[in-house]
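Inside the fold
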Amino acid sequence: AFDLERPRQSVEADLRPPNASAVAMVGRAAAHRSGKTWTLDWDGRRHAVALATKNDEETITVDVAKGDRSNTRTFVAFVNGWRPRGAAKEAYEAHTKRAHDGNAEELRLFFEVGADESRPGLVHCTLPTRVRAPTGKGTHLD
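Attention in this report is confined to the structure presented alongside it.

What counts as what
- Residues numbered from 1 in each chain as written.
- Predicted model: local features only at pLDDT ≥ 70, side-chain atom pairs only at ≥ 80, totals over all residues.
- Heavy atoms only, no water.
- Helix = DSSP H or I, 4+ residues; strand = E, 2+ residues; numbered from the N terminus.
- Expected span 1.5 Å × (residues − 1).
- Buried < 20%, exposed > 50% of the residue type's maximum accessible area, 1.4 Å probe, protein only.
- Polar contact = N/O pair within 3.5 Å; in protein donor to acceptor, adjacent residues only side chain to side chain.
- Pairing = 2+ DSSP bridges.

1. Observations concerning helix α2 (residues 20-34)
Given 3.6 residues to a turn, an α-helix orients residues that are three or four positions apart in the same direction. Under the 1.5 Å per step criterion, the end-to-end length of α2 is 20 Å for 15 residues, consistent within 8% with the ideal 21 Å. Of all the residues in α2, the buried ones are Ala20, Ser21, Ala22, Val23, Ala24, Gly27, Arg28, Ala30 and Ala31. A distance of 2.8 Å separates the backbone nitrogen of Ser21 from a side-chain oxygen at the start of α2, and that oxygen is part of Asn19. Downstream of α2 by a residue or two, Gly35 has a phi angle that is positive, lying close to 80°.

2. Re the pairing of strand β1 (residues 38-42)
Pairing between β1 and strand β2 (residues 45-54): five bridges, direction antiparallel. Each residue of the ladder has a partner; that of Trp42, found in β2, is Arg45. With antiparallel pairing between neighbouring strands as the criterion, β1 and β2 make up a hairpin whose turn holds two residues, including Asp43 at a positive phi of roughly 55°.

Here's what the structure looks like:
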């Protein structure tokens, strides 16, 4: 998890390069809005995030370059749009203290291609929910 309110261990630890999945998620949103590759320069490393979309599938490529070395990691997101009704709409309104505008929401299943299966999976929800979802290791729901 990425908690900006508390340091990981120290200020120096917070200045370490961010996790590739965090860069992929932030870069995906920026690349989606701009329509082009998003870059982040951090501690001598250049992170370049590219987004390719086909139907309800997104492929997010993160290339991290430092000097003459680079490492590319690929993430995939499956996206499903839905309109909250009933209990979901009530939970949204209770949490945000405002009426839902009726617009569609998205559920995004996000994971790294070829991730080590021993890494734990994470479930990230935009709103507090009590939804139970079976996820594999290295999987994010957003």
